[in-house]
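Coordinate analysis (summary)
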Amino acid sequence: MLKSVGLVGWRGMVGSVLIQRMKEENDFLNFHPYFFSTSQFGSNGPLINNILYKNLKNAYDIDFLKEMDIILTCQGGNYTKDVYFKLRSIGWNGYWIDAASTLRIHNDAIIILDPVNNEFIINSINNGIKTFVGGNCTVSLMLMSLAGLFQNELIEWISVSTYQSASGAGAQYIKELLKQMGKLYNVVSDSLYNDSFSILDILNQVTNSIHSKNFPIDYFSVPLASSLIPWIDSKMEHGQTREEWKGEFETNKILQSRNPILIDSLCVRISSLRCHSQAFTIKLKKNLSIQNIEEIIKNHNIWVNVIPNTKQDTLLKLTPSAVTNTLNIPIGRIKKLSIGNKYISAFTVGDQLLWGAAEPLRRMLNLLINL
């Protein structure tokens, strides 16, 4: 008998990518989908395989939700807080798959990234665990790129600098960044094609526009176009932001590390529309050749690609524009550092809407419907 699966938050950015991937892989043939909405219940849902799913269900209808074998939500943390605990309190014993961070710190919730922790996921299911959550996007992308080194317990510590796209903040932030870009272009468009204007004149026009009162900053609160924002999420202890704190906590929870790996981060928002990039400084536990390190990395999973440390390969294959809307996880700029032969640097890029968000949820759903 096919399982019943309730889908919540499928219209949002992560949810839309998830539905797209599920269509591409024909996942909808393997279960009975029920589409829920927090605001438009009763209206028509999506068209999938030439079937129009009518009469969207109320995403707050606990009586209907409890009939689901599996609930998969991309609706966000507030929805999880409102609904998840109510369902559990009335005895619902179905599987809950969540994109939000709300449940990640709970001991009975497993952070999922099956190419990295599949054995732990399977053991957790066998032990009766029913709650599975996607990890932080940069953590998942880091683990996908460095999984071979983690698996072989070769990493002593990592210092990470992240360069996170606007889409990591949400759809409204993408729109605001594009509005900022458009405003800057409109300010200088005539000057760009007029040789009487010096480049300094053009730069001054840009600066004046950025500092003007009508520059769109409703969401980011400061300009991102022609700039960056070296702060993501709320403040925590020791000068960290919550985004930076997640790096160490979630990595060690996913890996179930016997000896916790030290990971420090500095997380920065940049004006890329999609894909998160990360620069690593890594201390290994032993001295390995670059060739050996590259072999270990590329042999872990089929999605990671080691990019030769050349200018041409780096420019063509190690950028957000090269990786957007793909499952590829390129990692390059791998080199030894002058501070010691156990120290290396590396740079990786990944589509945070895929391996950083939607794909682990999709794969977890398929694992559960095939039990």
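See above for the structure.
On a predicted model such as this, the values are computed, not experimentally measured, just so you know.

1. A closer look at the packing of aromatic side chains
To describe a pair of aromatic rings, you give the distance between the ring centres and the angle between the ring planes. Within this structure, the stated rule accounts for 17 aromatic pairs. Here Trp10 and Phe35 contribute two aromatic rings whose centre-to-centre distance is 5.3 Å and whose plane-to-plane angle is 75°, an arrangement assigned as edge-to-face. With Trp10 in the loop between strand 1 (4-8) and helix 1 (13-24) and Phe35 in strand 2 (residues 32-37), the pair connects residues that are 25 residues apart, well separated along the chain. The class for Phe35 is buried, based on a relative accessible area of 3%. Between Trp92 and Trp96, the aromatic rings sit 6.4 Å apart at their centres with planes inclined by 80°, giving edge-to-face as the arrangement. The same class applies to Trp92 as to Trp96, namely buried. Positioned over the ring face of Tyr95 is Lys130, at 4.3 Å from the centre of the ring.

2. Here's the deal with the nonpolar core
Core analysis: the biggest nonpolar cluster contains 48 residues, and Trp96, Leu146, Leu149, Ile158 and Phe280 have the highest contact counts within it. Top element by residues in this core is helix 5 (residues 137-151). It accounts for eight residues. The next biggest cluster of nonpolar side chains, apart from the first, holds 33 residues, and it includes Ile48, Ile110, Ile121 and Ile369.

3. Here we look at the pattern of salt bridges
Within the structure shown, the criterion is met by 15 salt bridges. Of the charged contacts, one joins Asp114 and Arg363 as a salt bridge, the two residues approaching to 2.7 Å between their closest N and O atoms. On the criterion of sequence distance, the pair formed by Asp114 in helix 4 (residues 114-126) and Arg363 in helix 12 (residues 354-369) is long-range, its members being 249 residues apart. Since its relative accessible area comes to 15%, Asp114 is described here as buried. The exposure class assigned to Arg363 is partly exposed, which follows from its relative accessible area of 23%. Its salt-bridge partner being Arg258, residue Glu153 comes within 2.5 Å of it at the nearest N-O pair. With a gap of 105 residues between them, Glu153 in the loop between helix 5 and strand 10 (155-164) and Arg258 in the loop between helix 8 (242-255) and strand 11 (262-269) connect regions that are remote in the sequence. Using a relative accessible area of 42% as the deciding quantity, one classes Glu153 as partly exposed. Each of Arg21, Glu24, Glu25, Asp27, Glu359 and Arg362 takes part in a single network of salt bridges with overlapping partners.

4. With respect to the packing of helix 6 (residues 171-192) against helix 7 (residues 199-210)
Packing of helix 6 against helix 7 brings their axes to within 9 Å, and their N-to-C directions diverge by 155°. The pairing of helix 6 with helix 7 is recorded here as roughly antiparallel in orientation. For helix 6 against helix 7, the interelement crossing comes out right-handed. For the pair helix 6 and helix 7, the contacting residues are Lys183, Leu184, Val187, Val188, Ser191 and Leu192 in the first and Ile202, Gln205, Val206, Ser209 and Ile210 in the second. In terms of residue class, the contact of helix 6 with helix 7 is built from seven nonpolar, three polar and one charged.

Procedures and definitions
- Residues numbered from 1 in each chain as written.
- Predicted model: local features only at pLDDT ≥ 70, side-chain atom pairs only at ≥ 80, totals over all residues.
- Heavy atoms only, no water.
- Phe/Tyr/Trp six-rings, centres within 6.5 Å; stacked < 30°, edge-to-face > 60°.
- Helix = DSSP H or I, 4+ residues; strand = E, 2+ residues; numbered from the N terminus.
- Buried < 20%, exposed > 50% of the residue type's maximum accessible area, 1.4 Å probe, protein only.
- Lys NZ or Arg CZ within 6 Å of the ring centre and 35° of its normal.
- Core = buried A, V, L, I, M, F, W, Y, C linked by side-chain atoms within 4.5 Å.
- Salt bridge = Lys/Arg side-chain N within 4 Å of Asp/Glu carboxyl O.
- Axes fitted to C-alpha atoms, helices over the stretch in contact; angles between N-to-C directions.
- Parallel < 35°, antiparallel > 145°, perpendicular 65-115°, else oblique.
- Left-handed = near helix turned anticlockwise from the far one by under 90°.
- Contact = heavy atoms within 4.5 Å.
- Nonpolar A, V, L, I, M, F, W, Y, C, P; charged D, E, K, R; others polar.

Keep in mind these values describe shape, not function.
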